[in-house]
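# Structural characterization, general
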Amino acid sequence: DAGVTQSPTHLIKTRGQQVTLRCSPKSGHDTVSWYQQALGQGPQFIFQYYEEEERQRGNFPDRFSGHQFPNYSSELNVNALLLGDSALYLCASSFGLLNIQYFGAGTRLSVL
Amino acid sequence: EDQVTQSPEALRLQEGESSSLNCSYTVSGLRGLFWYRQDPGKGPEFLFTLYSAGEEKEKERLKATLTKKESFLHITAPKPEDSATYLCAVQGNSGGSNYKLTFGKGTLLTVNP
């Protein structure tokens, strides 16, 4: 049973560029949440998708946007990258909005 | 605004030396408190969910407990493979539509052989 898969594993971008990160949820899960984890910090909630709609959003600017597809997979897009966007981006999936969230291995984004 | 504070920030133990990690939280109505383990460069791995004060859960050398203001993760006779960062998170109940997890900064546990 495949767990949560994220791609790519590592990414290097320069300031001002745009990036797209991808996530496939655990089999049977329909809800995807995205988190940003800076070095030495806990994960910070970005947003959550259920039934292809953004259900809740954290304190992140509009440069961060997302999408959920009919097969429940999801994308996180970040525009106009800043140095401070360098972090580990984690995707978590769950069955429904309130159940246990299982995390993928993350995408390490470096902005130079 | 939900808040989670974990202590200590780092803990170094000898193999077999039992100890506890603390997670203090403030939340307007607790849906659940979650413990995760995170190895370097990897995503958090789910350990336990606790839903109400007095609840306890165990898994191998780990035992999680919950009160109305804090949770403890007790580690009994730890082994070097227990070395990791342990993250605590809460899911609140504000407005009936709070689905996010709010995490603490974690406790970095090192177990020396």
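### Digging into the interface of chain B and chain A
Listed by partner, the interface residues are 20 residues for chain B and 20 residues for chain A. Of the roughly 1600 Å² buried between chain B and chain A on both sides combined, carbon and sulfur atoms contribute 59%. Sorting the residues of chain B by area buried against chain A places Tyr99(B), Phe103(B) and Lys105(B) first, and these three jointly supply 32% of that buried surface. Our count for the contact surface shared by chain B and chain A stands at zero salt bridges. Our count for the chain B to chain A interface comes out at six residue pairs in polar contact (both at pLDDT 80 or more). If you list the elements that add at least two residues to the side of chain B that touches chain A, you get strand S4 (30-38), strand S5 (45-50) and strand S9 (84-92) of chain B. Looking at the side of chain B that touches chain A, the element that brings in the most residues is S4(B), giving four residues.

### Here's the deal with the nonpolar core
In terms of nonpolar packing, the biggest core is built from 22 residues, with Leu33(B), Trp35(B), Leu73(B) and Tyr86(B) touching the most fellow members. Put simply, the parts of the chain that give this core at least two residues each are strand S2 (10-14), strand S3 (19-26), S4, S5, strand S7 (62-66), strand S8 (70-75), S9 and strand S11 (107-112) of chain B. Per element, the largest residue contribution to this core is four residues, and it comes from S9(B). Val19(A), Leu21(A), Leu81(A) and Ala87(A) belong to the second largest nonpolar core, which has 20 residues in total.

### Comments concerning the pairing of S7(B)
Residues and elements named next belong to chain B. Of all the five residues making up S7, four are buried; the element is thus mostly covered by neighbouring parts of the structure. Across four bridges, the pairing between strand S6 (residues 56-59) and S7 is antiparallel. Bridging from a neighbouring strand, Lys57 pairs with Ala64 of S7. Turn length for the S6-S7 hairpin, with the two strands adjacent in sequence and antiparallel, is two residues, and the turn residue Glu60 shows positive phi of about 55 degrees. When S7 meets S8, the two strands line up antiparallel, connected through five bridges. Bridge pairing links Lys63 to His74 in S8.

### Quick notes on the side chain of Asp30(A)
Residues and elements named next belong to chain A. Turning to its location among the elements, Asp30 is positioned in the loop between strand S3 (19-24) and strand S4 (31-37). The side chain of Asp30 sits in the buried core without any salt bridge; Arg55 is the nearest counter-charge, 9.6 Å away. Of note is the side chain of Asp30, whose polar atom sits 2.9 Å from the side chain of Thr31. The contacts of Asp30, once residues within four sequence positions are left out, are Tyr49, Tyr50, Glu51, Gln68, Tyr72, Ser94, Phe95 and Gly96.

### A word on the packing of aromatic side chains
Tallying each qualifying case throughout the model produces ten aromatic pairs over all chains. Look at Tyr35(A) and Phe45(A): their rings are 5.6 Å apart centre to centre, the planes differ by 65 degrees, and that puts the pair in the edge-to-face class. Of the two residues, Tyr35(A) sits in strand S4 while Phe45(A) sits in strand S5 (residues 44-50), which places them ten residues apart along the sequence. For the pair Tyr102(A) and Phe46(B), a centre-to-centre distance of 5.8 Å together with 65 degrees between the ring planes defines the contact as edge-to-face. On the criterion of chain membership, the pair formed by Tyr102(A) in strand S10 (residues 102-103) and Phe46(B) in strand S5 is interchain, its members lying in two chains.

### Some points on the state of the cysteines
Here the structure, examined in full by the defined rule, presents two disulfides over all chains. Disulfide partner of Cys23(A): Cys91(A), at an S-S distance of 1.8 Å. With the S-S dihedral at roughly -60 degrees, the linkage between Cys23(A) and Cys91(A) falls on the left-handed side. Of this pair, Cys23(A) sits in strand S3 while Cys91(A) sits in strand S9 (residues 87-94), and the two are 68 residues apart along the sequence. Cys91(A) gets classed as buried once you look at its relative accessible area, which sits at 0%. Put simply, Cys23(B) and Cys88(B) are joined by a disulfide, and their sulfur atoms are 1.9 Å apart. Judged by the sign of its S-S torsion, about -65 degrees, the bond between Cys23(B) and Cys88(B) is left-handed. With Cys23(B) in strand S3 and Cys88(B) in strand S9, this residue pair connects regions lying 65 residues apart in the sequence.

Reading the values: rules and limits
Residues numbered from 1 in each chain as written. Chains lettered and ligands numbered in written order. Predicted model: local features only at pLDDT ≥ 70, side-chain atom pairs only at ≥ 80, totals over all residues. Heavy atoms only, no water. Contact = heavy atoms within 4.5 Å. Buried area = accessible area lost by both parts, 1.4 Å probe. Salt bridge = Lys/Arg side-chain N within 4 Å of Asp/Glu carboxyl O. Polar contact = N/O pair within 3.5 Å; in protein donor to acceptor, adjacent residues only side chain to side chain. Helix = DSSP H or I, 4+ residues; strand = E, 2+ residues; numbered from the N terminus. Core = buried A, V, L, I, M, F, W, Y, C linked by side-chain atoms within 4.5 Å. Buried < 20%, exposed > 50% of the residue type's maximum accessible area, 1.4 Å probe, protein only. Pairing = 2+ DSSP bridges. Lys, Arg positive; Asp, Glu negative; His and termini not counted. Phe/Tyr/Trp six-rings, centres within 6.5 Å; stacked < 30°, edge-to-face > 60°. Disulfide = S-S within 2.5 Å.

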